[in-house]
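The lines below spell out each chain.
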Amino acid sequence: MVRHGVANVMLNHQYELLDFGRNEKLECIGGVVVRRETPSAPGGKTASLVWEQSQLRGRVVGEKYIWDGTAPADWRFDAGDFELQLKATPSGQVGVFPEQSANWDWIKQCPTDLAGLKAINLFGYTGATTLSLAKRGAQVVHVDAAKSVVSWARANALSSGLADSPIRWMVEDALTFVRRELKRGNRYDIIVADPPSFGRGPKGERWKLQRDLIHLIESLSALSQGRCKMVLLSCHTPGIDHGQLRREVENQFQFESGTGSSFALELCTRDNKSLPSGNCFRWVADKS
Ligand SMILES: C[S@@+](CC[C@H](N)C(=O)[O-])C[C@H]1O[C@@H](n2cnc3c(N)ncnc32)[C@H](O)[C@@H]1O
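Residues numbered from 1 in each chain as written. Predicted model: local features only at pLDDT ≥ 70, side-chain atom pairs only at ≥ 80, totals over all residues. Heavy atoms only, no water.

Check the secondary structure of the protein chain and you find 7 helices and 17 strands. Considered along the principal axes of its C-alpha atoms, the protein chain spans approximately 55 × 40 × 35 Å. Counting over 288 residues, the protein chain shows a buried share of 50%. Nonlocal contacts in the protein chain, meaning residues at least 24 apart in sequence, comprise 61% of its contacts between residues at least 6 apart. Surface summary for the protein chain: the accessible area is close to 13700 Å², and the carbon and sulfur share equals 49%. In the protein chain, 36 side chains carry a positive charge and 32 a negative one; their mean positions are 4 Å apart. (Helix = DSSP H or I, 4+ residues; strand = E, 2+ residues; numbered from the N terminus. Buried < 20%, exposed > 50% of the residue type's maximum accessible area, 1.4 Å probe, protein only. Contact = heavy atoms within 4.5 Å. Areas by Shrake-Rupley, 256 points an atom, 1.4 Å probe, with all protein chains shown as cover. Lys, Arg positive; Asp, Glu negative; His and termini not counted. Charge placed at Lys NZ, Arg CZ, Asp CG, Glu CD.)

As structure tokens, then:
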């Protein structure tokens, strides 16, 4: 069976899942060994020794996420075509979701010419997928609710040599922005979204995936009607598997000739212990 969603960025020594279990992950990210608490890491640990050698440790204390240790001032993740600046943040994240690397590779290798196509990337965070698309020549509208992460994504574009790429950086609520684009008559060829389970827009708009995903997919299908070339939708919400994601998208989008696939995203240790890391649906139009 082809395992589309297995992140294998170990090759360029930028990421390795060393071990996980008892709701903690041990990772080597951009050369730094990070131990962090995460509710999505079940099972037992195997590599007892290295757990004590982490440079950074993230854990939940009361209602706060606390980091012990110091990250290097110039901590970076080199994705090959672009780079991401990393830092330990109060959300427990560090600026990269390595499980998405399977999708950056897919964009990089996609046979369709993306140059000049209009792309929208919703919930874009620090910009990895935006930069993958920009590298292929797409014009990208990057949308995220958090001003600080949009600034961070912009800085990543700059340090990746993509400062002059046609990227628009929007601090907006994703669903509100999509509906406004529809009203304005703006349309897109490439649709990308990686929504969280819960979120808030800049004006406090509530995002709840279980309630809102269907409305988002409906609006995105209208936004790309008649010109859709690529769709990439992922989520990390328990209870939504990739088959369901695929059904929801295929019910709304009128896809013409192209190839679609859905699969679980995974991170794997060297000894092939797999950590489920979300679900994904992607579709690309046949080369015209
Ligand atoms: C899971 S992260 C996305 C990860 C990203 N796709 C990547 O691979 O780097 C979720 C992002 O959604 C943003 N977000 C949460 N609620 C939002 C909303 N209502 N509208 C827009 N963005 C939102 C958060 O600020 C966060 O950056």
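We now examine the sheet that holds strand E5 (residues 56-61). Strand order in the open sheet formed by 5 strands is E2-E3-E4-E5-E6, with mixed pairing between adjacent strands. Strands with a single pairing partner mark the edges of an open sheet, and in this sheet they are strand E2 (15-21) and strand E6 (64-68). Strand-to-strand, the axes of this sheet are offset by a mean angle of 20°, without reference to chain direction. By the bridge criterion, 5 bridges tie E5 to E6 in an arrangement that is antiparallel. Directly across from Gly58, in E6, lies its bridge partner Trp67. (Pairing = 2+ DSSP bridges. Axes fitted to C-alpha atoms, helices over the stretch in contact; angles between N-to-C directions.)

On to the environment of Ala145, then. Relative to the assigned elements, Ala145 resides in the loop between strand E10 (139-144) and helix H4 (147-159). As a C-alpha pair, Ala145 and Cys110 span 35 residues in sequence and 29 Å in three-dimensional space. The residues touching Ala145, leaving out its near neighbours within four places in the chain, are Val171, Glu172, Arg200, Gly201 and Pro202.

On to the domain arrangement of the protein chain, then. According to the domain assignment, the protein chain contains domain 1 (6-85) and domain 2 (98-285). The C-alpha centroid of domain 2 is placed 24 Å from the C-alpha centroid of domain 1. At the junction of the two partners, domain 1 supplies 26 residues and domain 2 supplies 24 residues. Taking both partners together, domain 1 and domain 2 bury about 2200 Å²; carbon and sulfur atoms supply 60% of that area. Here domain 1 is connected to domain 2 by 3 salt bridges. (Domains from an automatic or database assignment. Buried area = accessible area lost by both parts, 1.4 Å probe. Salt bridge = Lys/Arg side-chain N within 4 Å of Asp/Glu carboxyl O.)

Let us now look at the site of the ligand. Around the ligand, the structure places 17 residues, and the nearest of them are Asp144, Ala145, Asp173, Ala174 and Asp194. Contact between the ligand and Asp173: a nitrogen atom at 2.8 Å from a side-chain N or O atom of the residue. Side-chain polar atom of Asp194 to a nitrogen atom of the ligand: 2.8 Å apart, as the coordinates give it. Expressed as a share of its isolated accessible area of 610 Å², the protein-covered part of the ligand is 90%. Across the shell around the ligand, the residue classes tally to 9 nonpolar, 3 polar and 5 charged. (Near = heavy atom within 4 Å. Polar contact = N/O pair within 3.5 Å; in protein donor to acceptor, adjacent residues only side chain to side chain. Nonpolar A, V, L, I, M, F, W, Y, C, P; charged D, E, K, R; others polar.)

Turning our eyes to something else, we now look at the environment of Thr269. Turning to its location among the elements, Thr269 is positioned in the loop between strand E16 (258-268) and strand E17 (274-285). Under the relative-accessibility criterion, Thr269 is labelled buried at 3%. For the pair Thr269 and Leu26, spaced 243 residues apart in the sequence, the C-alpha separation amounts to 10.0 Å. Discounting residues that sit within four places of it in the chain, Thr269 has contacts with Leu17, Leu18, Asp19 and Phe20. Within the local environment of Thr269, its side chain forms a polar contact with the side chain of Asp271, the two groups lying 2.5 Å apart.

Right, let's talk about the layout of surface pockets for a bit. Taken as a whole, the second largest pocket holds about 310 Å³ of empty space. What lines the second largest pocket is a set of 17 residues, among which Gly226, Arg227, Cys228, Gln254 and Glu256 lie closest to the centre. (1 Å grid on protein atoms, 1.4 Å probe; cavity = no way out; pocket = protein on both sides within 12 Å on 5 of 7 lines; lining within 4 Å. Points joined across faces, edges and corners; volume = space filled by probe spheres on them.)

Here we take up helix H3 (residues 128-135). Burial analysis of H3 places 7 of its 8 residues in the buried class, which makes it a mostly covered element. Regarding H3, the residues found buried are Ala128, Thr129, Thr130, Leu131, Ser132, Leu133 and Ala134. Just downstream of H3, Gly137 is the residue with a positive phi angle, here 95°.

Turning next to the state of the cysteines. Taken as a whole, this structure holds 0 disulfides when the rule is applied. Looking at the unpaired Cys235, the closest cysteine sulfur is the one in Cys280, lying at 9.1 Å. Judged by relative accessible area, Cys235 falls into the buried class, the value being 1%. (Disulfide = S-S within 2.5 Å.)

Quick look at unusual backbone geometry now. Most peptide bonds are trans, and most residues other than glycine sit at a negative phi. Of note, the phi angle at Phe123 is positive, near 60°, even though the residue is not glycine. Residue position: Phe123 is located in the loop between strand E9 (118-122) and H3. One non-glycine residue, Asn272, lies in positive phi territory at about 70°.

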